[in-house]
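# Overview (structure and organization)
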Amino acid sequence: MNNSADSSSEAEVSSEFPYLEDESVVAVQRGPEPGGLGGAYRAFGETLRGLKTTFARIVEGPVTIQYPEEKTPVYPRFRGRHKLHRFEDTGLEKCVGCSLCAAACPADCIRVVAAENDPEDRVSAGERYAEIYEINLARCIFCGYCEVACPFDAITMGHEYEIADYNRDDLIFTKEMLLAEPLERTPLRREGE
Amino acid sequence: MPDPPRITLLVDGVEVEAPHGAMLVDAAKHGDVEIPVFCYEPKLGHPVGACRMCVVEIEGIPKLQTACSTPVRDGMVVYTQTERVKEAQSAVVEFLLVNHPLDCPVCDKGGECPLQDVAMGWGPGRSRSVDPKRHFQKPIPLSPLIKIDRERCILCYRCVRFSQEVAEDEQLQLLERGSSTFVGTFDNRPYIAPFHGNIIELCPVGALTSDAYRFRARPWDIEDAGTVCTLCPSQCNIKLTVRDERIERVLARDNVDVDDGWLCDKGRFGYQMAESGQRITEPLIRAGGELRPAGWAEALEAAAAGLREAGERTAAIVGGSSSNEDGYLAQRIVRKALGSPHVESRPSGGPGVESRRTGGRGPAGFLRQGLVELSAPRLAASVSDLDRAESILVLGTDPLHSMPILDLRIRKAVRLRGARLAVATDRPSVLDGGAEETARYAPGFVGGFVSALAAELGAAGYERARGELGADAERIAGALKPGSTVIVWAGPDARGLVGCARALRLEEDGAGLIEVPEGANGRGLREVGCLPVAGPGLSDVEQGLDASGIRDALEAGSLEAALLVNADPIRDFAGGPAWGEALGKAKLVLAVSMFEDASTRQADVVFPAESYAEKEGTVTHPDGRLQRLRPGTPHPGGVRPMWEVLAELGALLGEETGVESAPDALAAIASEVPFYAGISHEEIGGTGIRWQERAAARYWPRVDDVGARDEVPGREVEPAGRTAPEPGDTGGRAEDVDGVIRVGTYRDLWAAEVTDRSPALRFLAPRQALELAPRDAARLGLGSGHEVEVRSNGTSVRARVSIHERVKPGSGFLIEGLGDRAASLRGELVEISKAGEPE
């Protein structure tokens, strides 16, 4: 902008500071001190420029979402709280307690204890079932590796993200909680939305 | 044995040095080349080349060769990565997977499965198979402890080979042919054998799974904790599989110098005892006739007060599962703090104890002399010496029951090395079948037999026996090769062994004695001073009473307090229920016990005991190997380390031990036991170290130092090994007396607390049985299954008759350790009367 001013001031400075020739010394450059009119422009001009945007948007109306009364819809592949599934026809649990999800989990938040099925009173379709299936959601990082690891599509990531609680212990979800049909409180984003 | 010469071969272009005669699979490992295998397992003996997974190309041989059964030769050129090899290996995997179900997620082997690993590493990656797979009924029990899934089986023969060639029970077979081949037993009978749990570990797929471990954990859920099993003197090295601080299974931790990588079922399934919910987990004090929970401070104070009052009228019984540290501290408290010499760890005596007729209380000099001579480092054989010995004598014990892993080791020596086996026992032994010579002597006459054997071997000072005994001894002597014999022996009265050892030149390399002690850590406890006749390091001490002496003294009131460290004398010691009365009379019984048992019912103070899975300390193997117990699981409830409790008890009684950690306790032992000098946990390490191989072994007491000094006035000390067979020791021809049988006893493998406390093993708990020869049974009018009463001197035991062809006429056998009085009948002439008809 004002190259000539710079070079002239530099020349002035160099006569005052004999060290300037040493390249290690860096001179601080300042713009000109604003005068009375310039100061007024600084105080109001930029503000008005900002307000122009504000007033231009007023006609569009507010975009605030009134959470929790209102919710953002999530994408279909959103990774929320896990769900365990049953076979629709037989009602048996899909999970056989193989613990592969626990092996895949980088946060080490899944605990599976398997047991043998009683052929008279089956819990799952295979020889074994998960007697205990717990996910500590306080540790979970919602990476979805458990879903990928599952050989029986027994665990999937749901859409629910409102998991906060007052007590860490309540964040350990048991098999019954994960199997239960969750209250679908999260709206799903429709195609093209 | 000299190491075989080393040769060089070329594997994939890399020069590899390997021992001559090694199989190519093993040799390739020296050059970091892995050749995949399924059926190959060196522990099983000769390779069979059944699975064809290990095929490689060898220069000069047109066809592919199995690396597991091809010994290497100098200059051999081998390729393991050529297209031809890869194609063949991938085809083998594909064929194996044709019928293998893809149920890895439910299979217990998943994650630790060689088939998974090999299929990933060498398999084709995709299946081309579209046809239905072979189907079997699954899973079905192969035995009460093992389930078999035949669909998963890849027919590698490992389990069948184990059954046929290692355990030699010959129950498992491959049945049918071709694609319908399956593993099973004749007529689908359950596979019941004492070592059959090993096939679970051998199976390279999930076809054989442990019923107790079924679905309990996956490999990534668990931690391995290496320790030593202290359920019997074998002291096998084990790995505990721990999940969520609970033991879920036990695996072998191969140690060729101890167990060869095998475990017995007691060790494999006995872990359930440590996890039992019935364990005592806090100190108990008797108040108003009932045991009530108390804090440690209160219980220790109560125990200390009682012991202080009893003072030198205290006796300690240290049970066989105690560690060296427990035993050492217990004897130190009793000897030093209380001034009592009565410390015992042997349920029925040990080497050098005189025969029953002198009441088991011979002069101390001889007792120590016998110990010092027979356990001397120069006469000690190691377990691996059995592999090299040209002849083996099993004397007075049936290793299957007393030290099970030794049974497999002896079978291996006979099968693979052609060792000549001689068995001399009172009761027919399971090793008889493979023995070149067997001899039976009458129960209780082992001393006479050994002396006769020494005479036949030409030892000076022994008289040759006449008649059957002499002939038997001569046959046995003929089977033994001087300079290369290992004698596996047990029994209280074996003085003649000193003569045998001299005549057989057992001091030579690769020959020697292995004594099977009664307790799991019998040898260690003896060496740290839990003997009435010797202190730590078999040092000279004031002589105390032995087990039966302690019992009598408690009964008579001359002893007032008893300290029972991991011991249940009512179950385990001779006299059985008589101990109950004796303990009942004691003013203070301090029991350290895992469970409420017959002895804790008489106890005034009970300290909860640790299980072997929680213990930290050392034990000494019968061949002198010091091994480390490492804690694998935390102590349940208020259980505390025993060394800590005993050190505190000692401090309360005024004996400051300075022991503040397990290594301190070992250091205290090492400072008092000269031949353990300087030993530390680090030196013992994971596989243990035999003290005979350390420099400190030269501090073993000298034989001439003993004896003279320990002479007890009024009793003549017989020089060891000079005793001729006692009169009447002609083999005990008891059958001349009508209706009278001489009874011997044996400790059945399963007559142990661990059987009752482990749900998986409970079905094996034995019932008292009287084994009789067919002739005696006929003469007494008894049939198999008859209930009888066996009586002598007012002691009677009820038993069920079981007739055995190989029992010596005139002998009968009862099982010890079942809580009845059978052990008191050992060596007695008994009357037998019918008590009921067969059920």
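Per chain, residues are indexed from 1 in the order of the written sequence. For naming, the first written chain is A and the first written ligand is 1, with later ones following in the order written. Whole-chain, interface and lining totals are the exception, using all residues; otherwise, since this is a predicted model, local features are given only for residues with pLDDT of at least 70 and side-chain atom pairs are given and counted only at 80 or more. Values reported for side chains reflect all heavy atoms of the structure, with hydrogen atoms and water molecules removed beforehand.

Runs of H or I in DSSP of at least four residues are treated as helices and runs of E of at least two as strands, each being numbered from the N terminus. Helix and strand counts for chain A stand at five helices and five strands. Counting helices and strands in the order they occur from the N terminus, chain A gives α-α-β-α-β-β-α-β-β-α. Each residue is placed in one exposure class: buried if its accessible area under a 1.4 Å probe, protein chains only, is under 20% of its type's maximum, exposed if it is over 50%, and partly exposed if it falls in between. A buried classification covers 27% of the 193 residues belonging to chain A. Only heavy atoms matter for contacts: two residues are in contact if any of them lie within 4.5 Å across the pair. Across chain A, contacts joining residues at least 24 apart in sequence account for 70% of those joining residues at least 6 apart. For chain A, the exposed surface amounts to about 14,100 Å²; the carbon and sulfur share of it is 53%. Shrake-Rupley sampling with a 1.4 Å probe provides the accessible areas, and residues are treated as covered by the protein chains on show and by no other component.

What follows covers the nonpolar core. Generally speaking, a soluble globular protein has its nonpolar side chains buried in company with each other. All names here are of chain B. Among the nonpolar cores identified, the biggest contains 131 residues, and Phe 162, Ile 199, Leu 240, Phe 607, Leu 649 and Tyr 676 are the most heavily contacted of them. Counting residues per element, this core draws most heavily on helix α7 (residues 296-310), which supplies seven residues. Residues belong to one nonpolar core when they are buried, are Ala, Val, Leu, Ile, Met, Phe, Trp, Tyr or Cys, and are joined through side-chain atoms within 4.5 Å. Listed in part, the 37 residues of the second largest apolar core include Leu 374, Leu 393, Val 450 and Ala 455.

Quick look at the interface of chain A and chain B now. Interfaces are often sized by the amount of accessible area the parts lose when they come together. Across the contact, 15 residues belong to chain A and 16 residues belong to chain B. Summed over both partners, the accessible area lost on bringing two parts together, with a 1.4 Å probe, is the buried area. Across the chain A/chain B interface, buried area totals approximately 1,200 Å², and carbon plus sulfur atoms make up 53% of it. Of all residues in chain A, the largest losses of buried area upon contact with chain B belong to Glu116(A), Glu127(A) and Arg128(A), amounting jointly to 50% of the total for that side. Just to be clear on terms, a salt bridge is a Lys or Arg side-chain nitrogen sitting within 4 Å of an Asp or Glu carboxyl oxygen. Applying the counting rule to chain A against chain B returns five salt bridges. Note that Glu116(A) is salt-bridged to Arg214(B), the shortest N-O span being 3.0 Å. Throughout this description, a polar contact denotes any pair of N or O atoms lying within 3.5 Å of each other; where both atoms belong to protein, one of them has to be capable of donating a hydrogen while the other can accept it, and for residues adjacent in sequence the pair is counted only when both atoms sit in side chains. Applying the counting rule to chain A against chain B returns seven residue pairs in polar contact (both at pLDDT 80 or more). Looking at the side of chain A that touches chain B, the elements with two or more residues in it are α3 (100-104) and β2 (110-116) of chain A. In terms of residue class, the side of chain A that touches chain B is built from 10 nonpolar, one polar and four charged. Side-chain classes are defined by residue name, with Ala, Val, Leu, Ile, Met, Phe, Trp, Tyr, Cys and Pro counting as nonpolar, Asp, Glu, Lys and Arg as charged, and the others, Gly among them, as polar.

Turning next to the state of the cysteines. Here a disulfide denotes a covalent bond joining the sulfur atom of one cysteine to the sulfur atom of another. We call a pair of cysteine sulfur atoms a disulfide whenever their separation is within 2.5 Å. All chains considered together, the criterion is met by zero disulfides over all chains. For Cys105(A), which is in no disulfide, the shortest distance to another cysteine sulfur is to Cys109(A) and amounts to 3.6 Å. Of the cysteine sulfurs around Cys153(B), a residue in no disulfide, the closest is that of Cys159(B), at 6.3 Å. Looking at Cys153(B), the relative accessible area reads 16%, which means it is buried.

This is a description of form; function is not addressed.
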